Amino acid sequence: MEEFERGIPPLSKRFKRSIEKKDGNKENENGGPPLAKRGFLMSFVTGEPMEIPEKDILGRCRFVAEFEKLNRIGEGTYGIVYRARDTKTDSIVALKKVRMEMERDGLPLSGLREISVLLACSHENIVHLKEVVVGRSLESIFLVMEYCEQDLASLLDNMQAPFTEAQVKCIMIQVLKGLKYLHNNFIVHRDLKVSNLLMTDKGCVKIADFGLARWFGLPVQPMTPKVVTLWYRSPELLLQAKTQTTSVDVWAAGCILGELLGHCPLLPGRSELHQLELIVDLLGTPSDNIWPEYSSLPALANFTLKNQPYNNLKQRFPWLSAAGLRLLNFLFMYDPKKRATAEECLQSSYFKEPPLPCDPKMMPTFPQHRNMKKGSANPPPPPNLDSGLNDQTMNLPAINDLLGSLVKKRTYD
Ligand SMILES: Nc1ncnc2c1ncn2[C@@H]1O[C@H](COP(=O)(O)OP(=O)(O)OP(=O)(O)O)[C@@H](O)[C@H]1O
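Residues numbered from 1 in each chain as written. Predicted model: local features only at pLDDT ≥ 70, side-chain atom pairs only at ≥ 80, totals over all residues. Heavy atoms only, no water.

**Points about the sheet that holds strand β11 (residues 205-207)**
Filter applied, for reference: Note: two strands are recorded as paired if DSSP finds a minimum of 2 bridges between them. Numbering of helices and strands runs from the N terminus; a helix is a DSSP stretch of H or I covering at least four residues, while a strand is a stretch of E covering at least two. Throughout, a residue-residue contact means that at least one pair of heavy atoms, one from each residue, lies within 4.5 Å. Axis definition: a line fitted to C-alpha atoms, limited for helices to the stretch in contact. Angles are taken between N-to-C directions and run from 0 to 180 degrees.
One open sheet holds the three strands; their spatial order is β8-β10-β11, and the pairing between them is antiparallel. The sheet is open, and its two borders are formed by β8 (150-151) and β11, each paired with just one other strand. Sheet strands in contact with helix α5 (residues 165-184) are β10 (197-199) and β11, and its direction is about 35° off that of β11.

Next comes the structure, spelled out in structure tokens:
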């Protein structure tokens, strides 16, 4: 195995190390050696031991140097994302470096989750993980994903004219189809927001960033409430409900619909308390009548919410049809049990009335702002691109800035 000879621990070994540490897979029930040592991994899907085929025991990941990094397109909490060219196939991909900063025990949980969930997914509205590649050191593991030209957050920040209602419907239908697929496969995303929605130049919307995603089972097990970016966080999470379900993603989808229709974030809270206040201002104060578990939620032991008796969605969206308002209200049901499912939302008459959702192929294409150097009218001369770039040796920020500035501005179709 070429990579092994170069001293790069193969990925399956790194997985084994992480899984041994994280899942406490030290001894099996009979006191034998850990399963991982005998060529087994714990399956993330079933939780059962899964045999590693002999040919894969040493790993068979490609080396990251086979990818030519073009420019940095995003940096999040869990990794840096580059646009890159696969020198073997000449295809353009997104390369996400798994952040390992605080990790001494192998892959961080977020990376493991993202890889395992994405490997299990196959749907046109979920970003496609093509493969995992490795760098020279233990710190370098990269996810190779299909490249999407836009993320919705940068697009919303930069577009000249907001999406039309027909385009908003087209986007939301795709988000809901992706969510329906995830939820039917017992996956809850837990960090749905506009920056985690990608769009290709063919108008295909893809849910991305599965670093917080989890499989859920029945009965629903407790999960940490500190998930979902504040502005998209549901009231049950803010009020520290012990269990959370797919309905946290549905609430976030409601916030995204509101943001697309209103052309600005719907509930931009500055703190958890402020977030709750904004929700109450928009939807009215919840009560045990509409949400039976409400008054027993842990956070309400420390404070009470102000009394606001009105639902102000109609005031906020005065031009929206009755079907549109019904859909928003269904997405924003306080009681997670009564909240719409993604599947129910797809049946909404809002998507069947004019303006009808446009066909994804009819979505306009947009300038690729993430690949452009800000404020640069005259791009600098091209750097020498002869060598395949190695993540250990190149000065990425400098090269990325140069490369980014070379990308031609596309115009609206
Ligand atoms: N497949 C892709 N194609 C194009 N751009 C992508 C792709 N994946 C991620 N990006 C870009 O990189 C950004 C960060 O990626 P991602 O959200 O996966 O990282 P993260 O560290 O998990 O972020 P966060 O802090 O939001 O959790 C995205 O907002 C998007 O702009």
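**Considering the UniProt feature "binding site: ATP" (unreviewed entry) in the protein**
Let me state the cut-off plainly: UniProt positions are given in the numbering used here, feature names are shortened, and annotations may be inferred rather than shown by experiment. Note on classification: 1.4 Å probe, protein chains only; a residue is buried when its accessible area is under 20% of the maximum for its type, exposed when over 50%, partly exposed between these limits.
UniProt annotation of "binding site: ATP" (unreviewed entry) refers to K96 when read in the numbering used here. With respect to the secondary-structure elements, K96 resides in strand β5 (residues 92-98). A relative accessible area of 9% means that K96 is categorised as buried. The contact partners of K96, leaving out residues within four places of it in the chain, are G79, I80, V81, E114, I141, F142, L143, M145 and D209.

**Observations regarding the packing of aromatic side chains**
Definition in use: Each aromatic pair joins two rings of Phe, Tyr and Trp (for Trp, the six-membered one) with centres within 6.5 Å, and gets the label stacked for planes under 30 degrees apart, edge-to-face for over 60, and tilted for any other angle.
Tallied over the full model, the rule gives seven aromatic pairs. An angle of 85° between the planes, with centres 5.9 Å apart, marks the rings of F163 and F366 as edge-to-face. In this pair, F163 is assigned in the loop between α4 (152-158) and α5 and F366 in the loop between α11 (342-346) and α12 (396-406), connecting sequence segments 203 residues apart. No difference in accessibility class separates F163 from F366, as the two residues are buried.

**Regarding the nonpolar core**
Note the following rule: Joining through side-chain atoms within 4.5 Å is the link that ties buried Ala, Val, Leu, Ile, Met, Phe, Trp, Tyr and Cys residues into a set, and such a set is a nonpolar core.
Core analysis: the largest hydrophobic core is formed by 92 residues, its most contacted members being F163, L182 and L192. The residues touching L192, leaving out its near neighbours within four places in the chain, are V175, L179, L197, I207, Y232, D249, A252, A253 and I256. Core analysis: the next-biggest nonpolar cluster, separate from the first, contains 10 residues, V64, I80, A84 and V133 among them.

**What to know about unusual backbone geometry**
The peptide bond linking P354 to P355 adopts the cis configuration, its omega dihedral lying at -10°. One can find P355 in the loop between α11 and α12. For R190, which is not glycine, the phi dihedral falls at a positive 70°. Position of R190 relative to the elements: it lies in the loop between β9 (187-188) and β10. In this model, D209 sits at a positive phi of 60°, which is unusual for a non-glycine residue. Of note, D209 is situated in the loop between β11 and β12 (214-215).

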